[in-house]
Amino acid sequence: MWYHKPVINEELLQSLPNLKIVASSGVGIDHLDLNLLSRYGVKLSNTPFVVSTDTADLGLALMLASSRRLVEGYQMAVSPDTEYFPADWLGAELSGATLGIIGMGTIGYKVAERAKAFEMNILYHNRNRRNKEEESAVGAIYCKKIDDLLHQSDFVLLSVNLTPQTHKLIGKRELELMKPTATLINISRGLVVDQDALVEALHNKVIKAAALDVTYPEPLPRDHPLLKLKNVIITPHIGSATKKTRRLMMENMTESIQAGLTGLPIPNEVL
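Remember, it's a predicted structure, so these values are computed and weren't measured experimentally.

What counts and how
- Residues numbered from 1 in each chain as written.
- Predicted model: local features only at pLDDT ≥ 70, side-chain atom pairs only at ≥ 80, totals over all residues.
- Heavy atoms only, no water.
- Domains from an automatic or database assignment.
- Contact = heavy atoms within 4.5 Å.
- Buried area = accessible area lost by both parts, 1.4 Å probe.
- Salt bridge = Lys/Arg side-chain N within 4 Å of Asp/Glu carboxyl O.
- Buried < 20%, exposed > 50% of the residue type's maximum accessible area, 1.4 Å probe, protein only.
- Helix = DSSP H or I, 4+ residues; strand = E, 2+ residues; numbered from the N terminus.
- Polar contact = N/O pair within 3.5 Å; in protein donor to acceptor, adjacent residues only side chain to side chain.
- Core = buried A, V, L, I, M, F, W, Y, C linked by side-chain atoms within 4.5 Å.
- UniProt positions renumbered as here; feature names shortened; annotations may be inferred.
- Axes fitted to C-alpha atoms, helices over the stretch in contact; angles between N-to-C directions.
- Parallel < 35°, antiparallel > 145°, perpendicular 65-115°, else oblique.
- Left-handed = near helix turned anticlockwise from the far one by under 90°.
- Nonpolar A, V, L, I, M, F, W, Y, C, P; charged D, E, K, R; others polar.
- Phe/Tyr/Trp six-rings, centres within 6.5 Å; stacked < 30°, edge-to-face > 60°.

## Overview of the domain arrangement of the chain
Then comes step 1: Split into domains, the chain comes out as domain 1 (10–49 + 242–262) and domain 2 (52–80 + 90–234).
Then comes step 2: The partner domain 2 presents six residues to the seven residues of domain 1 that form the contact.
Then comes step 3: Both sides of the domain 1 and domain 2 interface together cover about 540 Å² of buried area, and 39% of this is carbon and sulfur.
Then comes step 4: Where domain 1 touches domain 2, the interface holds one salt bridge.
Then comes step 5: With its nearest N and O atoms 3.2 Å apart, the salt bridge here joins Arg-189 to Asp-30.

Here's what the structure looks like:
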């Protein structure tokens, strides 16, 4: 499967009685019915580890682009109407700012490693707490309650899997808990955020800005209000989109398929 295609439904599974394995690109498996696959005896693999470095890089890139207002700055620099650069056109610094990471899995932890190099204060909320050695290595402080993280963070970065528990995890209530100077960064799945609530929060300056690599749907309708807000950066779901990583993803999928067809242990099998 690439870009969630083809759709794996009962009709397809009935038409492929000898199907042994579905190899899905990327980390997320929210587009798949695991119970359905299990019922037909079909195994599943994904490519969770090879995408983590590039996705973490993009998370930091979005944070930098938003804080330093790079898109607005570019538009100002190339506009035919620009006669001078205003001295009071300012961004925000990362150094000394507090980053709250929601979802401290492989990607979230790599974001923390990068943020440490920018001398940021790091908070995180996760289903399971990391061990003390891992926390100490990046200087991360665990927040058992997500509300505590939202209250304190200058940047809130989402790096969770989409599950029933994380569907619209960030809604009106959570956005109102954030600082009015805070920025929301989403590198997970669009449905982790209530987009209507986000539009309202950005429009009413409940939070300062958002930087999104994911939305729902993708792409957004061309008249969607998120596309009209100056305090929003949107990229086209490019977390893993580098030549090297996409090749490694394909290699991972091929290895899983070969193992699945020969009865060997499947690398990156989703259980």
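## Things to note about helix H9 (residues 195–203)
Then comes step 1: All of the buried residues in H9 are Gln-195, Ala-197, Leu-198, Val-199, Ala-201 and Leu-202.
Then comes step 2: Tucked into the core, H9 has its buried residues touching helix H8 (172–177), strand S7 (183–186), strand S8 (209–212) and strand S9 (232–234).
Then comes step 3: Of the residues flanking the start of H9, the one acting as N-cap is Asp-194, its side-chain oxygen 3.2 Å from the backbone nitrogen of Asp-196.
Then comes step 4: Downstream of H9 by one or two residues, Lys-205 has phi in the positive range, about 60 degrees.

## Regarding the nonpolar core
Then comes step 1: Judged by nonpolar contacts, the single largest core of 30 residues is most densely connected at Ile-102, Leu-150, Ile-170, Leu-175, Leu-184, Leu-198 and Leu-226.
Then comes step 2: Of all the secondary structure elements, the ones that give two or more residues to this core are helix H7 (146–152), strand S6 (155–158), H8, H9 and S8.
Then comes step 3: Looking at this core, the element that brings in the most residues is H9, giving five residues.
Then comes step 4: Core analysis: the next-biggest nonpolar cluster, separate from the first, contains 27 residues, Ala-56, Leu-99, Ile-107 and Met-120 among them.

## A closer look at the UniProt feature "domain: D-isomer specific 2-hydroxyacid dehydrogenase NAD-binding" (unreviewed entry) in the chain
Then comes step 1: Under the feature "domain: D-isomer specific 2-hydroxyacid dehydrogenase NAD-binding" (unreviewed entry), the UniProt entry names residues 60–239.
Then comes step 2: A distance of 11 Å separates the end C-alpha atoms of residues 60–239, which is 32% helix and 16% strand.

## Describing the packing of helix H3 (residues 52–67) against helix H5 (residues 106–117)
Then comes step 1: Look at H3 against H5: their axes get within 8 Å of each other, and the N-to-C directions meet at 50 degrees. Taken together, the axes of H3 and H5 lie oblique to each other. Along this stretch, H3 crosses H5, giving a crossing that reads as right-handed. Contacts between H3 and H5 involve Ser-52, Thr-53, Thr-55, Ala-56, Asp-57 and Leu-60 from the first element and Thr-106, Ile-107, Lys-110, Val-111 and Arg-114 from the second.
Then comes step 2: Class assignment for the residues of the contact of H3 with H5 results in four nonpolar, four polar and three charged.

## Observations regarding the packing of aromatic side chains
Then comes step 1: Tallying each qualifying case throughout the model produces two aromatic pairs.
Then comes step 2: Summarising the aromatic geometry, the rings of Trp-2 and Tyr-3 are spaced 6.4 Å apart at their centres and angled 70 degrees between planes, so their arrangement reads as edge-to-face.
Then comes step 3: Given the relative accessible area of 24%, Trp-2 is considered partly exposed.
Then comes step 4: Relative to Tyr-142, the ring of Tyr-124 has its centre 5.2 Å away and its plane inclined at 55 degrees; by these criteria the two rings are tilted. A residue pair is termed long-range when its members are at least 10 positions apart, and Tyr-124 in strand S4 (residues 121–125) and Tyr-142 in strand S5 (residues 140–142) qualify at 18 residues.
Then comes step 5: For Tyr-142, a relative accessible area of 21% translates into the label partly exposed.

## Let's talk about unusual backbone geometry
Then comes step 1: Across the junction of Tyr-216 and Pro-217, the peptide omega takes the value -5 degrees, indicating a cis bond.
Then comes step 2: Its location among the elements puts Pro-217 in the loop between S8 and S9.
Then comes step 3: The omega angle of the peptide bond from Glu-218 to Pro-219 is -5 degrees, so this bond is cis rather than trans.
Then comes step 4: Although it is not a glycine, Tyr-3 sits at a positive phi angle of roughly 55 degrees.
Then comes step 5: Along the chain, Tyr-3 turns up in the segment before helix H1 (10–15).
Then comes step 6: By relative accessible area, which is 55% here, Tyr-3 ends up exposed.
Then comes step 7: In this structure, His-4 takes a positive phi of about 65 degrees despite not being glycine.
Then comes step 8: Looking at the secondary structure, you find His-4 in the segment before H1.

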